[in-house]
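# Per-entry structural report
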Amino acid sequence: MSIVLRLRFPEPPQNVVLPLRARPFKRMRKPVCLDLFSGLGGWAEGLMAAGFHVIGMELDPRFIGRYPSEMIVQDVLTFSGHRARGIVDLVVASPPCTEPSYRAMPWKRAKALNAAGPPTKFIELFNACFRIAEEIGCPVVVENVKGAQPWVGRAKWHYGSFYLWGSVPALMPVFDGEWKGFAAVWADKEMHRARGAFKSEQRANWAAERAKIPFALSHHIGKVFMEDLCSRQSANF
């Protein structure tokens, strides 16, 4: 059973559902991927193109109605992967990177925060991704920023500024695009204007677009896992 979220939308998107503890996960004809902290759907676009049915999970209201597939509005920390065991074949995730990004800056306040202790909330969200995948019994790929490494361990690969942990495929694409770090953004007047004022809606939207997983990365990972699932299914016949 599901309830369509009708708040704040004159014509609510039909792919948004409220979380219910009794809401069952149903076996899909396609392999299923659970996209945690789904955002604007960077993971979903590539994985769907590779043949997955993608279910997003997000709590930030900015992304409701902007996600390209079904989205469950729920806090990841409250979700039990046991509900999706035998249904979900892959978990991908991009936990909020604001805290590790800020702590990686060369500012006195950032250094003071690091000296005071680890970013406990970020670590809790990061670890929740692996917990859910373990409860489901499926592989997981978690994306975050370089600044997360001091707190959660060294990443297995990175594609530009997108660092990856978990079941990262052995063969990964080489980043051939242009990525501008903090110093370059600060010096680039056009990009600085595009960011907008601090804590503005424009700044939030700019950050969300910048954090969106590139299609080349999500599609490559989707194809690798799809081929693996197909080969295992063929071996069972």
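## Comments concerning the overall build of the protein
For the protein, the count of helices and strands is 9 helices and 8 strands. Long-range pairs, those at least 24 residues apart, make up 59% of the contacts in the protein between residues at least 6 apart in sequence.

## Some words on unusual backbone geometry
Located in the positive-phi region is Phe 37, a residue other than glycine, with phi close to 55 degrees. The topology assignment puts Phe 37 in the loop between strand S2 (32–36) and helix H1 (42–49). The buried category is assigned to Phe 37, whose relative accessible area is 13%.

## Details of the nonpolar core
Residues Leu 34, Leu 36, Val 88, Val 91 and Ile 136 are the most contacted members of the largest nonpolar core, which totals 29 residues. Broken down by secondary-structure element, the contributors of at least two residues to this core are S2, strand S3 (53–58), strand S5 (90–93), helix H4 (120–136), strand S6 (140–144) and strand S8 (162–166). For this core, the element with the most residues is H4, which contributes 9 residues. Once residues lying within four places of it in the same chain are set aside, the contact partners of Leu 36 are Met 57, Val 76, Val 91, Val 92, Ala 93, Ser 94, Cys 129 and Ile 132. Ala 44, Leu 47, Val 92 and Met 172 belong to the second largest nonpolar core, which has 26 residues in total.

## Section: the packing of aromatic side chains
All chains considered together, the criterion is met by 3 aromatic pairs. Ring geometry for Phe 122 against Phe 126: centres 5.9 Å apart, planes inclined by 45 degrees, an arrangement best described as tilted. Here the residue Phe 122 and the residue Phe 126 both occupy positions in helix H4, the gap between them amounting to 4 residues, near one helical turn.

## A closer look at the environment of Ser 38
You can see Ser 38 is positioned in the loop between S2 and H1. Distance from Ser 38 to Val 54, taken between C-alpha atoms, is 10.0 Å for residues 16 residues apart in sequence. Beyond its immediate stretch of four places on either side in the chain, Ser 38 contacts Gly 56, Met 57, Glu 58, Tyr 67 and Met 71.

## Some words on the pattern of salt bridges
One side chain can pair with another of opposite charge once the charged atoms of both are near each other. With the rule as written, the count across this model stands at 2 salt bridges. Here Lys 212 ties to Glu 45 by a salt bridge, and the two come within 3.1 Å at their closest N and O atoms. A residue pair is termed long-range when its members are at least 10 positions apart, and Lys 212 in the loop between helix H8 (201–211) and helix H9 (215–236) and Glu 45 in helix H1 qualify at 167 residues. A relative accessible area of 26% places Lys 212 in the partly exposed class.

## Overview of the confidence of the model for the protein
Per-residue pLDDT for the protein has a mean of 80; in total, 73% of the residues score no lower than 70. Contacts for the low-pLDDT stretch residues 1–14, under 50 throughout, to residues beyond four places or in other chains number 22 contacts. Across residues 18–24 the pLDDT falls below 50, and counting only partners more than four positions away or on other chains, this stretch makes 18 contacts in the model.

## Some points on the side chain of Ser 69
For Ser 69, the location among the structural elements is in the loop between S3 and strand S4 (70–73). A polar side-chain atom of Ser 69 sits 2.5 Å from the main-chain carbonyl oxygen of Val 54.

## Let's talk about the pairing of S8
Counting buried residues in S8 gives 5 out of 5 residues, a clear majority hidden from the surface. From the end of strand S7 (residues 157–159) to the start of S8, which pair antiparallel, there are 2 residues, and Gly 160 there has a positive phi angle of about 65 degrees.

## Quick notes on the pairing of S6
With 5 of 5 residues buried, S6 is to be regarded as a mostly interior element. With 3 bridges connecting them, S5 and S6 associate as parallel partners. By the bridge assignment, Ala 93 is partnered in S6 with Val 142. Bridging between S6 and S8 involves 4 bridges; their strand directions are antiparallel. Following the sheet pairing, Glu 143 is matched in S8 by Leu 164.

## Overview of H1
Gly 42, Trp 43, Ala 44, Gly 46 and Leu 47 are the residues of H1 that are buried. Note on H1: the residue one or two positions beyond its end, Gly 51, has a positive phi of about 115 degrees.

Each value, and the rule that gives it
Residues numbered from 1 in each chain as written. Predicted model: local features only at pLDDT ≥ 70, side-chain atom pairs only at ≥ 80, totals over all residues. Heavy atoms only, no water. Helix = DSSP H or I, 4+ residues; strand = E, 2+ residues; numbered from the N terminus. Contact = heavy atoms within 4.5 Å. Buried < 20%, exposed > 50% of the residue type's maximum accessible area, 1.4 Å probe, protein only. Core = buried A, V, L, I, M, F, W, Y, C linked by side-chain atoms within 4.5 Å. Phe/Tyr/Trp six-rings, centres within 6.5 Å; stacked < 30°, edge-to-face > 60°. Salt bridge = Lys/Arg side-chain N within 4 Å of Asp/Glu carboxyl O. pLDDT = per-residue confidence, 0-100. Polar contact = N/O pair within 3.5 Å; in protein donor to acceptor, adjacent residues only side chain to side chain. Pairing = 2+ DSSP bridges.

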